[in-house]
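Single-letter residue listing:
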Amino acid sequence: MTPEPASDSGYDSGSEPEATRRAAGVTESSRANRGWWDRNADEYQVEHGTFLGDDRFVWGPEGLDEVEAELLGPPDGLKGRDVLEIGAGAAQCSRWLAAQGARPVALDISHRQLQHALRIGGSFPLVCADAGALPFADGSFDLACSAYGALPFVADPVLVLKEVRRVLRPGGRFVFSVTHPVRWAFPDEPGPEGLTVAASYFDRTPYVEQDDEGRAVYVEHHRTIGDRVRDVVAGGFRLVDLVEPEWPAWNTSEWGGWSPLRGSLIPGTAIFVCVRD
């Protein structure tokens, strides 16, 4: 799972990157985010590895677990199913899927993230590739999932959705989680300052961190709830559920802009459950 990072990009160029809002296309976004996650994978796994565990399937910072949610279906129905995890990071979700008897493939754009998957271990394939160009034959998988992977960071989400549909078999399910779109209007702060609207929810201009020469080193794209629903339909899927996890009392963790304070008042994660008919 890879929720949006804090404002510090970790870019090592002798100066902090400039945060701005500007257009960023498919190629620039992909290149920037591949580099960002390669540079920041070590820190990410140190900071969040305990919360994620080595073999849990967590949908977001709220801590909603697939064991409880069953958004991919009952765990005993996963045995023998071919499952693609997109934006797998260290492949924690794939490791849980394998433990249920599924046959997962963990895909991530970041080579360094997948090195952490190798470090933890597992008997399933790891694939370094862009979600907009999946290196698999048509109809290769029964299910696909993505916990904060790829979709928040791509300039053309419909391209990704069409690729996922292509590699799914008829009746296949794709479940993905992203930052809840309403969060775009609020500062990315866990405290009270993160509860005051500071930007337009309807402004789709990407958030970009760029170096001294104007090259993007991190890009995040905003879609409204309506945009996401239309993207799902345009990608050839049928939306069967939209889950907005509530912040549970047991979770006292802060993760970037996610916190018990904000989580008790505004949604932080949106999970889209889609079916390929």
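Before reading further, recall that the structure is shown in the block above.
Caption draft 1: Quick peek at the sheet that holds strand β7 (residues 207-210). Strand order across the open sheet formed by three strands is β1-β7-β8, with antiparallel pairing between neighbours. Every interior strand has two partners, whereas the edge strands, β1 (18-21) and β8 (216-220), have only one. On average, each strand axis in the sheet is inclined to that of its neighbour by 20°, with strand direction left out of account. Two strands pair when backbone bridges link them, and β7 and β8 are joined in this way by four bridges, in the antiparallel orientation. Paired with Val 208 across the bridge in β8 is Val 219. Here helix α1 (residues 26-52) sits on the sheet and contacts β7 and β8; the angle it forms with β8, its principal contact strand, is near 105°.

Caption draft 2: The packing of helix α5 (residues 157-167) against helix α6 (residues 225-234), seen in detail. One way to put it is that α5 packs onto α6 with a least axis distance of 8 Å and a crossing angle of 40°. The pairing of α5 with α6 is recorded here as oblique in orientation. In the crossing of α5 with α6, the sense of the turn from one axis to the other is right-handed. The residues of α6 that touch α5, namely those facing Pro 157, Val 158, Leu 161 and Lys 162, are Arg 228, Asp 231, Val 232 and Ala 234.

Caption draft 3: Spatial organisation of the pairing of strand β6 (residues 168-179). Bridge count between strand β5 (residues 141-147) and β6: six bridges; the pairing is parallel. Looking at the pairing, Ser 146 lines up with Phe 176 of β6. Where the polypeptide runs from β5 across α5 and back to β6, its parallel neighbour, the crossover connection is right-handed.

Caption draft 4: Layout of helix α4 (residues 111-120). Those residues of α4 that sit buried are Gln 113, Leu 114, His 116 and Ala 117. Taken around the axis of α4, the buried residues stretch over an arc of 145°, which confines them to a single face. Within α4, the exposed residues directed more than 90 degrees away from the buried face are Leu 118 and Arg 119. Packed against the buried residues of α4 are α1, α3 (92-99), β3 (103-108) and β4 (126-128). With a side-chain oxygen positioned 3.4 Å from the backbone nitrogen of Arg 112, the residue opening α4 is Ser 110.

Caption draft 5: Structural context of the nonpolar core. Core analysis: the biggest nonpolar cluster contains 27 residues, and Leu 84, Phe 136, Val 164, Phe 174 and Phe 176 have the highest contact counts within it. Among the secondary structure elements, those contributing two or more residues to this core are β2 (82-86), β3, β5, α5, β6 and β10 (269-275). Residues within four places of Phe 174 in sequence aside, it is in contact with Ile 86, Ala 144, Cys 145, Ser 146, Leu 151, Leu 161, Val 164, Leu 168, Phe 237, Phe 272, Val 273 and Cys 274. Counting residues in each nonpolar core, the second largest holds 18 residues, with Trp 59, Leu 64, Leu 143 and Val 273 among its members.

Caption draft 6: Structural context of the pattern of salt bridges. Tallying each qualifying case throughout the model produces 16 salt bridges. One salt bridge in this structure joins Arg 56 and Asp 65, with 3.3 Å as the shortest N-O distance. Judged by its relative accessible area of 9%, Asp 65 falls in the buried class. Here Asp 231 ties to Arg 223 by a salt bridge, and the two come within 2.8 Å at their closest N and O atoms. Here Arg 223 falls in the partly exposed class, since its relative accessible area comes to 24%.

Cut-off values and rules
- Numbering of residues begins from 1 in every chain and follows the order in which that chain's sequence is written.
- Only residues with pLDDT of 70 or above have their local features reported here, since the model is predicted, and side-chain atom pairs are shown and tallied only from 80 upward, although totals for entire chains, interfaces and linings are computed over all residues.
- As a rule here, side-chain values cover all heavy atoms of the structure and leave hydrogens and water aside.
- When DSSP finds two or more bridges between a pair of strands, those strands are recorded as paired.
- In DSSP terms, a helix is any run of H or I states spanning at least four residues, a strand is any run of E spanning at least two, and both are numbered starting from the N terminus.
- Axis definition: a line fit to C-alpha positions, over the contact stretch in the case of helices; interaxial angles, taken between N-to-C directions, run 0 to 180 degrees.
- Note on contacts: a residue pair qualifies if any of its non-hydrogen atoms lie within 4.5 Å across the two residues.
- Roughly parallel here means an angle under 35 degrees, roughly antiparallel means over 145, roughly perpendicular means 65 to 115, and every remaining angle is called oblique.
- What makes a crossing left-handed is the near helix being turned counterclockwise from the far one by less than a right angle; a clockwise turn instead makes it right-handed.
- Handedness of a crossover is defined as follows: with both strands directed away from the viewer, a clockwise route from the first strand across the helix to the second makes it right-handed.
- Relative accessibility under 20% of the residue-type maximum defines a buried residue, over 50% an exposed one, and the middle range a partly exposed one, all with a 1.4 Å probe and only protein chains included.
- The directions from the helix axis to the C-beta atoms form the arc being described.
- The term polar contact refers here to a pair of N or O atoms within 3.5 Å; inside protein, the definition further demands a hydrogen-donor-capable atom paired with an acceptor-capable atom, and it admits residues adjacent in sequence only when both atoms are side-chain atoms.
- Note on terminology: a nonpolar core comprises buried Ala, Val, Leu, Ile, Met, Phe, Trp, Tyr and Cys residues joined through side-chain atoms within 4.5 Å.
- A carboxyl oxygen of Asp or Glu within 4 Å of a side-chain nitrogen of Lys or Arg is what we treat as a salt bridge.

Keep in mind these numbers describe shape, not what the thing actually does.
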